[in-house]
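Chains, contacts and geometry: an overview
If you want the building blocks of each chain, they are given just below.
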Amino acid sequence: MTAEPASADPAAPILLFDSGVGGLSVLGKVRKVLPQAPVMYVSDNAGLPYGSKTEAQIAARVSGLLGRLTERYRPRLVCIACNTASTIALASVREVLEVPIVGTVPAIKPAAAMTRTSVIGLLGTEATIRQGYVDRLEAEFAADKRLLRHGAPELVAAAEAKLRGLPVDPAVFTRAAAALRAMPDGGRIDTVVLACTHFPLLEAELAEAFGPGVRFIDGSDGIARRIAFLTQGQDWANSAEGDIALFTKDDPANECLIPALAHYGIARRLVF
Ligand code: DGL
């Protein structure tokens with residue numbers, strides 16, 4: 001017997017997947033366009049950080065986990081709310097899963113339309129900035145611009161700490177800005193692509209570090225619009241108990257995330 005498509009069930013969630021809290025920046029935008037949607041937020045905190053892993057490790061981990069998660073929770077749509085996982089594993093995950101998958105693409109196209117100086121900075125994880133996926137976006141949309149890339153793993157840790165209410169050394173933001181500024185033409189950067197979903201959670205701190213005259217762009221608005229488009233006309237039913245965050249590792253430090261999760265409409269936590 002063939003299983004019913006998940007989208008026929010109004011309680012079937014949208015599953016947002018990231019290595020940690022970064023995908024919450026995407027969830028915030030999804031909530032704005034689809035306030036009625038049941039959501040399952042998945043943090044692969046046992047695998048965090050992805051940015052320092054190899055392509056093979058990330059691809060195996062993401063495909064394996066998403067396979068198990070979709071089988072168990074039958075989401076109507078999966079959003080890989082992580083640039084590192086998307087730029088490495090999106091194509092292979094799409095090949096094996098039948099559910100619609102929305103990935104996170106570094107926002108190089110809109111950045112190229114925004115820049116006046118033709119110099120764009122890109123902050124991502126070390127794994128993301130070396131991807132052919134980024135080379136292709138650059139060649140397609142920013143061939144006549146200068147794209148300066150910097151891998152900033154300490155910003156991932158900073159976002160994780162900030163959302164837990166822990167102190168963050170402001171030097172991590174000045175170091176990220178200084179690294180881009182120090183590159184040839186870096187002084188002319190007027191647009192910065194936040195190519196890691198953790199980084200929009202730090203936009204205020206990064207704006208201060210870069211100073212006036214720099215605008216930030218990330219892919220979350222486009223993702224939210226795409227999810228709304230793909231789920232057009234579908235029925236939605238929220239659980240009375242509220243939306244769930246699933247973690248791949250039980251960690252007492254996750255207790256500190258309760259207020260941040262509540263801010264994004266997540267009421268319950270489970271370990272997968
Ligand atoms: N949030 C992730 C991204 O968008 C990666 C963070 C990490 O695990 O290194 O790239």
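Keep in mind the model is a prediction, meaning the values are calculated, not measured.

Time to look at the sheet that holds strand E8 (residues 215–217). Read from one edge of the open sheet, four strands run E6-E5-E7-E8, paired in parallel fashion. Each of the sheet's edge strands pairs with one partner strand only, and the pair in question is strand E6 (146–151) and E8. Strand-to-strand twist of the sheet, defined as the mean angle between neighbouring strand axes without regard to direction, takes the value 25 degrees. The sheet contact formed by strand E5 (residues 119–124) and strand E7 (residues 191–194) spans four bridges and is parallel. Of the residues in E7, the one forming a bridge with Leu123 is Leu194. Packing against the sheet, helix H8 (residues 171–181) makes contact with E5 and E6, and its axis sits at approximately 145 degrees to E6.

With that out of the way, let us pick up the side chain of Thr197. Mapped onto the secondary structure, Thr197 falls in the loop between E7 and helix H9 (203–210). At 2.8 Å, the side chain of Thr197 forms a polar contact with the backbone oxygen of Ala81. Setting aside chain neighbours within four positions, we find Thr197 in contact with Asp18, Gly22, Gly23, Ser25, Val26, Ala81, Cys82, Asn83 and Thr104.

Turning to the packing of helix H1 (residues 23–33) against helix H10 (residues 220–230), a few remarks are in order. When two helices pack together, their arrangement is captured by the angle between the axes and the distance separating the axes. It is the contact of H1 with H10, at a shortest axis distance of 8 Å, that shows an interaxial angle of 45 degrees. Judged on the interaxial angle alone, H10 and H1 are oblique. Pair H1 / H10 crosses with right-handed handedness. For the pair formed by H1 and H10, the contact residues are Ser25, Val26, Lys29, Val30 and Val33 on the first element and Ser220, Asp221, Ile223, Ala224, Ile227 and Ala228 on the second.

Moving on, we come to the site of the ligand. Not every one of the 14 residues close to the ligand is listed here, only the nearest: Ser19, Tyr50, Asn83, Thr84 and His198. A distance of 2.6 Å is found between an oxygen atom of the ligand and a backbone nitrogen or oxygen belonging to Tyr50. Protein burial of the ligand: of its 300 Å² of free accessible surface, 99% is covered by the chains. Split into classes, the residues belonging to the shell around the ligand amount to six nonpolar, seven polar and one charged.

Turning to the pairing of strand E3 (residues 77–80), a few remarks are in order. In regular strands, side chains alternate between the two faces of the sheet. Here E3 shows no split at all, with Leu77 and Cys79 on one side and Val78 and Ile80 on the other all buried. Looking at chain direction, strand E1 (residues 14–18) and E3 are connected through four bridges and run parallel. From the neighbouring strand, Leu15 faces E3, where its bridge partner is Val78. The sheet contact formed by E3 and strand E4 (residues 101–102) spans two bridges and is parallel.

Rules used in this analysis
Residues numbered from 1 in each chain as written. Predicted model: local features only at pLDDT ≥ 70, side-chain atom pairs only at ≥ 80, totals over all residues. Heavy atoms only, no water. Pairing = 2+ DSSP bridges. Helix = DSSP H or I, 4+ residues; strand = E, 2+ residues; numbered from the N terminus. Axes fitted to C-alpha atoms, helices over the stretch in contact; angles between N-to-C directions. Contact = heavy atoms within 4.5 Å. Polar contact = N/O pair within 3.5 Å; in protein donor to acceptor, adjacent residues only side chain to side chain. Parallel < 35°, antiparallel > 145°, perpendicular 65-115°, else oblique. Left-handed = near helix turned anticlockwise from the far one by under 90°. Near = heavy atom within 4 Å. Areas by Shrake-Rupley, 256 points an atom, 1.4 Å probe, with all protein chains shown as cover. Nonpolar A, V, L, I, M, F, W, Y, C, P; charged D, E, K, R; others polar. Buried < 20%, exposed > 50% of the residue type's maximum accessible area, 1.4 Å probe, protein only.

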